[in-house]
4 protein chains.
Amino acid sequence: MSEVAEGEGSVTLDLLKKKMADFAKERDWEPYHSPRNLLLAMIGEVGELSEIFQWKGEVPRGLPGWEEREKEHLGEELSDVLLYLVRLSDICGIDLGQAALRKVKLNAIKYPIKLSDQNGKNDANTSKNKDEDACPDNSSSVQHSA
Amino acid sequence: MSEVAEGEGSVTLDLLKKKMADFAKERDWEPYHSPRNLLLAMIGEVGELSEIFQWKGEVPRGLPGWEEREKEHLGEELSDVLLYLVRLSDICGIDLGQAALRKVKLNAIKYPIKLSDQNGKNDANTSKNKDEDACPDNSSSVQHSA
Amino acid sequence: MSEVAEGEGSVTLDLLKKKMADFAKERDWEPYHSPRNLLLAMIGEVGELSEIFQWKGEVPRGLPGWEEREKEHLGEELSDVLLYLVRLSDICGIDLGQAALRKVKLNAIKYPIKLSDQNGKNDANTSKNKDEDACPDNSSSVQHSA
Amino acid sequence: MSEVAEGEGSVTLDLLKKKMADFAKERDWEPYHSPRNLLLAMIGEVGELSEIFQWKGEVPRGLPGWEEREKEHLGEELSDVLLYLVRLSDICGIDLGQAALRKVKLNAIKYPIKLSDQNGKNDANTSKNKDEDACPDNSSSVQHSA
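Residues numbered from 1 in each chain as written. Chains lettered and ligands numbered in written order. Predicted model: local features only at pLDDT ≥ 70, side-chain atom pairs only at ≥ 80, totals over all residues. Heavy atoms only, no water.

1. Some points on the overall build of chain A
Turning to step 1, where the next piece is worked out: Broken down by element type, chain A carries 8 helices and 0 strands.
Turning to step 2, where the next piece is worked out: In chain A, the order of α-helices and β-strands from amino to carboxyl end is α-α-α-α-α-α-α-α.
Turning to step 3, where the next piece is worked out: Looking at chain A as a whole, 61% of its 146 residues are labelled buried.
Turning to step 4, where the next piece is worked out: Here the contacts in chain A between residues at least 6 apart in sequence split such that 49% fall between residues at least 24 apart.
Turning to step 5, where the next piece is worked out: Summing over all exposed atoms, chain A offers an accessible surface of approximately 5500 Å²; the carbon and sulfur share of this is 53%. (Helix = DSSP H or I, 4+ residues; strand = E, 2+ residues; numbered from the N terminus. Buried < 20%, exposed > 50% of the residue type's maximum accessible area, 1.4 Å probe, protein only. Contact = heavy atoms within 4.5 Å. Areas by Shrake-Rupley, 256 points an atom, 1.4 Å probe, with all protein chains shown as cover.)

In structure tokens, the structure reads:
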């Protein structure tokens, strides 16, 4: 199935998990792949990703005008974060794909389509939870006040 | 295809990409999903993930002894990072799955299985690049010296 | 006062703020020092800092056995995070030193010395706030259950 | 001297170091303050800081239009990052203030005032080092190409 997934261009998290596990095993890196080691390694990659965007000011969607070299570099840093995240989840015994589907469902319950606007009127005390779930509504109200 | 992928338990990055795009569209959150907004939102989730591990000292693989509640929370934070990473990649026009497969191939070329030990003897000047690619060899040599 | 502070070996945040402001002005970098640019630059440095610790497993206090070269590198990365944090605060119009003193006072009120243990018995719903304030008590209870 | 520094409104890093050490000691939190625990706790606070900026798009200097409540919250999150950074440095045996002064000097040598423009013409291979030292020049060239 992995090969199929790889072939059809729709990459599965299980395929990446297997590739990372094989990669570490073949190089005897498994002893280094503890949860907190992998978490810190992922954070190192998040730093690399941030550096790509750090001096650019606001960046439009689709990155108009970026050189191919830059986009390729961005793809590599995004991948480094993903690969460590997949490996961290595997080492922790978490099925990342199923956890992600579950989280999307929880978010849909938390932010019903019809009520999302009213939710946006919630006060700042709820902003933390909302931020966790990618709801910019309250922040937009903050933004309006800005 | 999405339903199939969802059904067969092997979640694809394309499925998560579609779910995130639909989620944002249905709630009129698209205006907020700019590259740097999503990057900062992802970093917020990386912070939540770090908080789970912050006071625990070294954590063994498989998280022996963790309560179900804790593992569920961990799965949610890992998912939040993944979902923002997928959305950020989409908004940047990067095919995250293909980029990840390519990065794994690049890492395999950079760290040949047979030579990985010798690579480990490289001096500290190369450690940055190596760290980027999850090679703990040089760090292990550092560790030995520690 | 800056010179004095520098001379007497007790570095003030105001001295670092002035040095960062002069440094940017002298190089015409001010246009790049917007709040979110500086925040992302700081996060890039947090990534560099994390890379130093990423493959080491638990590290004892005082870093016994670390080479001077490593400690010097660590000092540089800790400094990079500090310098961007100081600059970000300045650009945002926040007096970081006074804000930090205020936060220490708030933490002291939130975690009375005598009651800190009982606080530790609070359930996980409060762990987020507690974590924000460096209180490992609830995490320790989590840890015990682990 | 600490009291003086506190009194005169120019806060020293030594004062914050002492306050953090006393705070931990009085609450018996020292066993939790290992280098990697503190690093992850600091990263958790960096996440909180990022959440404040995550949905805002570009934010002008001085935060015009932000509510007092928001600025106070920002000051608290900036402080949380600083306090953990100071504590982490102390636990690692690093004199953060002296390290920061040294780093500023190194940066001044690396980016001479007169030559900073030419430096900006360096190719992308040097961008990593330059980014580490808050030099936006090469990024600006990247930006121009964007």
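Let's pick the thread back up.
2. Looking at the interface of chain B and chain A
Turning to step 1, where the next piece is worked out: Contacts between chain B and chain A engage 87 residues on the former and 87 residues on the latter.
Turning to step 2, where the next piece is worked out: Overall, the association of chain B and chain A removes approximately 7300 Å² of surface from exposure, summing both partners, and the carbon and sulfur fraction of that is 63%.
Turning to step 3, where the next piece is worked out: The largest share of the area that chain B buries against chain A comes from Trp29(B), Arg36(B) and Arg61(B), three residues that together contribute 10% of it.
Turning to step 4, where the next piece is worked out: Where chain B touches chain A, the interface holds 8 salt bridges.
Turning to step 5, where the next piece is worked out: The salt bridge involving Arg36(B) is made with Glu58(A); its shortest N-O contact spans 3.6 Å. (Buried area = accessible area lost by both parts, 1.4 Å probe. Salt bridge = Lys/Arg side-chain N within 4 Å of Asp/Glu carboxyl O.)

3. Remarks on the environment of Pro31(B)
Turning to step 1, where the next piece is worked out: With respect to the element layout, Pro31(B) can be found in the loop between α2 (13-26) and α3 (35-53).
Turning to step 2, where the next piece is worked out: For the pair Pro31(B) and Lys103(B), spaced 72 residues apart in the sequence, the C-alpha separation amounts to 31 Å.

4. A look at the relation of the copies chain B and chain A
Turning to step 1, where the next piece is worked out: Superposing chain B onto chain A takes a rotation of 180° plus a shift of 0.0 Å along the axis, which leaves an RMSD of 0.0 Å. Here the symmetry operator amounts to a two-fold rotation axis. When C-alpha distances to the rotation axis are compared across chain B, the minimum falls at Thr12(B), with a value of 2.0 Å.
Turning to step 2, where the next piece is worked out: The residues that chain B uses at the interface reappear at the interface of chain A in 99% of cases, marking a shared surface. (Least-squares fit on C-alpha atoms with pLDDT ≥ 70 in both.)

5. Comments concerning unusual backbone geometry
Turning to step 1, where the next piece is worked out: One non-glycine residue, Leu63(B), lies in positive phi territory at about 50°.
Turning to step 2, where the next piece is worked out: By the element assignment, Leu63(B) lies in the loop between α3 and α4 (68-91).
Turning to step 3, where the next piece is worked out: Phi at Asp28(D) is positive, roughly 55°, even though this residue is not glycine.
Turning to step 4, where the next piece is worked out: Residue Asp28(D) is classed as exposed on the basis of its relative accessible area, which comes to 58%.

6. A short note on the relation of the copies chain C and chain D
Turning to step 1, where the next piece is worked out: The two copies are related by a screw operation: chain C maps onto chain D through 180° of rotation and 0.0 Å of translation along the axis, at an RMSD of 0.0 Å.
Turning to step 2, where the next piece is worked out: Interface overlap between copies is the fraction of interface residues in one copy that are interface residues in the other; for chain C against chain D it reaches 100%, indicating a shared surface.

7. Things to note about the interface of chain C and chain D
Turning to step 1, where the next piece is worked out: The interface of chain C with chain D comprises 87 residues on the first partner and 88 residues on the second.
Turning to step 2, where the next piece is worked out: Counting each side, the surface lost to burial between chain C and chain D is near 7300 Å², with a carbon and sulfur contribution of 63%.
Turning to step 3, where the next piece is worked out: Of all residues in chain C, Trp29(C), Arg36(C) and Arg61(C) give up the largest surface area on contact with chain D, accounting jointly for 10% of the area buried on that side.
Turning to step 4, where the next piece is worked out: At the junction of chain C with chain D, the criterion picks out 8 salt bridges.
Turning to step 5, where the next piece is worked out: Residue Glu76(D) pairs with Arg102(C) through a salt bridge whose shortest N-O separation is 3.1 Å.
Turning to step 6, where the next piece is worked out: One can count 25 residue pairs in polar contact (both at pLDDT 80 or more) joining chain C with chain D. (Polar contact = N/O pair within 3.5 Å; in protein donor to acceptor, adjacent residues only side chain to side chain.)

8. Examining the pattern of salt bridges
Turning to step 1, where the next piece is worked out: All chains considered together, the criterion is met by 40 salt bridges over all chains.
Turning to step 2, where the next piece is worked out: Measuring nitrogen to oxygen at the nearest pair gives 2.7 Å for the salt bridge that ties Arg69(B) to Glu67(B).
Turning to step 3, where the next piece is worked out: Since its relative accessible area comes to 29%, Glu67(B) is described here as partly exposed.
Turning to step 4, where the next piece is worked out: Overlapping salt bridges bring together Arg36(A), Glu58(B), Glu58(C) and Arg36(D) as one network.

9. Digging into the packing of aromatic side chains
Turning to step 1, where the next piece is worked out: Applying the stated criterion across every chain yields a total of 16 aromatic pairs over all chains.
Turning to step 2, where the next piece is worked out: Relative to Trp29(D), the ring of Tyr111(C) lies with its centre 5.7 Å away and its plane at 70°, an arrangement referred to as edge-to-face. Placement of Tyr111(C) in the loop between α5 (96-110) and α6 (116-119) and of Trp29(D) in the loop between α2 (13-26) and α3 (35-53) is noted, with the two residues assigned to different chains. Accessibility assignment for this pair places Tyr111(C) and Trp29(D) in one class, buried.
Turning to step 3, where the next piece is worked out: Grouping aromatic residues by their ring pairs yields a cluster made of Phe23(A), Trp29(A) and Tyr111(B). (Phe/Tyr/Trp six-rings, centres within 6.5 Å; stacked < 30°, edge-to-face > 60°.)

10. Concerning the packing of helix α3 (residues 35-53) of chain A against α3(B)
Geometrically, a packed helix pair is captured by the angle between its two axes and the distance between the axes.
Turning to step 1, where the next piece is worked out: α3(B) packs onto α3(A) with a crossing angle of 160° between their chain directions and a minimal axis gap of 11 Å. Accordingly, the angle class assigned to the pair α3(A) and α3(B) is roughly antiparallel. Crossing geometry of α3(A) relative to α3(B) is assigned as left-handed. On α3(B), the residues touching Pro35(A), Arg36(A), Leu39(A), Met42(A), Ile43(A), Val46(A), Leu49(A), Ser50(A) and Phe53(A) of α3(A) are Pro35(B), Arg36(B), Leu39(B), Met42(B), Ile43(B), Val46(B), Leu49(B), Ser50(B) and Phe53(B).
Turning to step 2, where the next piece is worked out: Of the residues in the contact of α3(A) with α3(B), the class split is 14 nonpolar, 2 polar and 2 charged. (Axes fitted to C-alpha atoms, helices over the stretch in contact; angles between N-to-C directions. Parallel < 35°, antiparallel > 145°, perpendicular 65-115°, else oblique. Left-handed = near helix turned anticlockwise from the far one by under 90°. Nonpolar A, V, L, I, M, F, W, Y, C, P; charged D, E, K, R; others polar.)

11. Quick word on helix α5 (residues 96-110) of chain A
Side chains of residues three or four places apart in an α-helix project in the same direction, reflecting 3.6 residues per turn.
Turning to step 1, where the next piece is worked out: Between the first and last C-alpha of α5(A) there are 20 Å, a value that for 15 residues agrees with the 21 Å anticipated at 1.5 Å per step.
Turning to step 2, where the next piece is worked out: Every buried residue of α5(A) is accounted for by Leu96(A), Gly97(A), Ala99(A), Ala100(A), Leu101(A), Lys103(A), Val104(A) and Asn107(A). (Expected span 1.5 Å × (residues − 1).)

12. Some words on α2(B)
Residues and elements named next belong to chain B.
Turning to step 1, where the next piece is worked out: Relative to the 20 Å expected for 14 residues at 1.5 Å per residue, α2 spans 20 Å between its end C-alpha atoms, a close match to the ideal helical length.
Turning to step 2, where the next piece is worked out: Among all positions of α2, only Leu13, Leu15, Leu16, Met20, Phe23 and Ala24 are buried. The buried residues of α2 occupy an angular sector of 160° when the element is viewed end-on, so they sit on one face.
Turning to step 3, where the next piece is worked out: Phi for aspartate 28, located one or two positions after α2, is positive at around 55°. (Arc of directions from axis to C-beta.)

13. Section: the environment of Asp80(C)
Turning to step 1, where the next piece is worked out: Examined against the element boundaries, Asp80(C) turns out to sit in helix α4 (residues 68-91).
Turning to step 2, where the next piece is worked out: Note: C-alpha distance between Asp80(C) and Glu45(C) (35 residues apart in sequence) is 6.1 Å.

14. A few points about the side chain of Glu70(B)
Residues and elements named next belong to chain B.
Turning to step 1, where the next piece is worked out: Tracing the backbone through its elements, the reader meets glutamate 70 in helix α4.
Turning to step 2, where the next piece is worked out: On the basis of relative accessible area, glutamate 70 is assigned to the buried category, the value being 7%.
Turning to step 3, where the next piece is worked out: A distance of 3.0 Å separates the side chain of glutamate 70 from the side chain of lysine 56, its partner in a polar contact.

15. Side note on the confidence of the model for chain A
Residues and elements named next belong to chain A.
Turning to step 1, where the next piece is worked out: Here chain A shows a mean pLDDT of 82. Residues at 70 or above account for 72%.
Turning to step 2, where the next piece is worked out: Predicted confidence is poor over residues 120-135, with pLDDT under 50, and the contacts of this stretch with residues over four places away or in other chains come to 47 contacts.
Turning to step 3, where the next piece is worked out: Taken as a whole, residues 137-146 scores under 50 in pLDDT and shows 25 contacts with residues more than four places along the chain or in a different chain.
Turning to step 4, where the next piece is worked out: Here the complex is predicted with pTM 0.83, and the ipTM for its interfaces comes to 0.80. (pLDDT = per-residue confidence, 0-100.)

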